[in-house]
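Chains, contacts and geometry: an overview
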Amino acid sequence: MNAERPQVRCEERDGVVWIVIDRAESRNALSLQTWRELEHAAKQANASSARVVVVRGAGDEAFVSGADIREFPRYRANPEQARLYDRVSQAALAAVSAVEKPVIAMINGLCYGGGCALALACDLRFAAQHARFSIPAVRLGLAYPLHYGIAPLVATVGSGRAAELLLSGRVFDAQEALAIGFVHRVFPASELEACTLEYARELSQSAPLTLAAHKAAVRALALGEDTALVEEKIRRCFASEDYQEGIQAFLEKRPPRFRGR
């Protein structure tokens, strides 16, 4: 495989930024290069004028099938290498989490290991009916990352379910993922992209500052993080032009035209 070929695409279309993990031939496994490109793509998406981001895997077989284990003997062979590798992967997940606009994971197939961590770094998770999930760390002898893996899993599905999934490493399907709250919606594979796009377009009509404030509040409260910055985002909403526009539009019985300021 040509290591120089981009492994993550970031493209804006239909008013949405699409971040595509583009390694379909490897079931979109996350190589060290992919992690680095993912961090850059997330920062690029955050700077875009589009108001919603969708993360997906290329093809129809996988969202992300996990980290590329074939690289571990070279890049993750000992504790020091593992620490350096984790810096790169966690920087990518942190960049996805830090995107101020809503981020939807469109889970179009396998979602294993690092794929689950990536999905949990997003705000919303929509899955195809054929999607399958697993956190198979127990079968590899490694431990799932704490802050960007276990903590958001516990916050999403609860400590009891998180323990069972982490300790067993078993595969679970999209309907179970929906039942335990890991994903928000499940669609037929043929409808997943269209339904995700429709939802993203609806979100893009909402006030951007409010979306950012609510996103930050939910994440901070779920993970026990400092809420000082969230309070500032909330105050900023009330001082914005969009707040005045929202009130005026309501009184005039017309759709609001939000500008994000």
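Cut-off values and rules
Residues numbered from 1 in each chain as written. Predicted model: local features only at pLDDT ≥ 70, side-chain atom pairs only at ≥ 80, totals over all residues. Heavy atoms only, no water. Helix = DSSP H or I, 4+ residues; strand = E, 2+ residues; numbered from the N terminus. Expected span 1.5 Å × (residues − 1). Buried < 20%, exposed > 50% of the residue type's maximum accessible area, 1.4 Å probe, protein only. Arc of directions from axis to C-beta. Pairing = 2+ DSSP bridges. Axes fitted to C-alpha atoms, helices over the stretch in contact; angles between N-to-C directions. Contact = heavy atoms within 4.5 Å. Salt bridge = Lys/Arg side-chain N within 4 Å of Asp/Glu carboxyl O.

Here's the deal with helix H11 (residues 241–252)
Relative to the 16 Å expected for 12 residues at 1.5 Å per residue, H11 spans 16 Å between its end C-alpha atoms, a close match to the ideal helical length. Where H11 is concerned, the buried positions are Asp242, Glu245 and Ala249. All buried residues of H11 fall inside an arc of 55° around its axis, so they share one side. In this structure, H11 carries Phe250 and Leu251 as exposed residues pointing more than 90 degrees from its buried face.

As for the sheet that holds strand S1 (residues 8–13)
Strand order in the open sheet formed by 6 strands is S1-S2-S3-S5-S7-S10, and the pairing between neighbours is mixed. Of all the strands in the sheet, the pair left with one neighbour each is S1 and strand S10 (185–187). With direction set aside, neighbouring strand axes in the sheet form an average angle of 20°. One ladder, built from 4 bridges, connects strand S5 (residues 103–107) with strand S7 (residues 124–128); its direction is parallel. Looking at S7, one finds that Ile107 is bridged to Ala127.

Here's the deal with the environment of Ser206
Within the secondary structure, Ser206 sits in the loop between helix H8 (189–204) and helix H9 (208–223). As for Ser206 and Ala50, which are separated by 156 residues in sequence, their C-alpha atoms are 12 Å apart. When near neighbours in sequence (up to four residues on either side) are disregarded, Ser206 contacts Arg51, Leu211 and Phe258.

Here's the deal with the pattern of salt bridges
Enumeration over the complete set of coordinates arrives at 24 salt bridges. With a closest N to O distance of 2.8 Å, Arg170 and Glu164 form a salt bridge. For Glu164, a relative accessible area of 35% gives the class partly exposed. Sharing partners across several salt bridges, the network here consists of Arg5, Arg9, Glu11, Arg13, Asp14, Asp22, Glu25, Arg56, Glu193 and Arg201.

Note that every value here comes from positions in space, so none of it alone points to a role or purpose.
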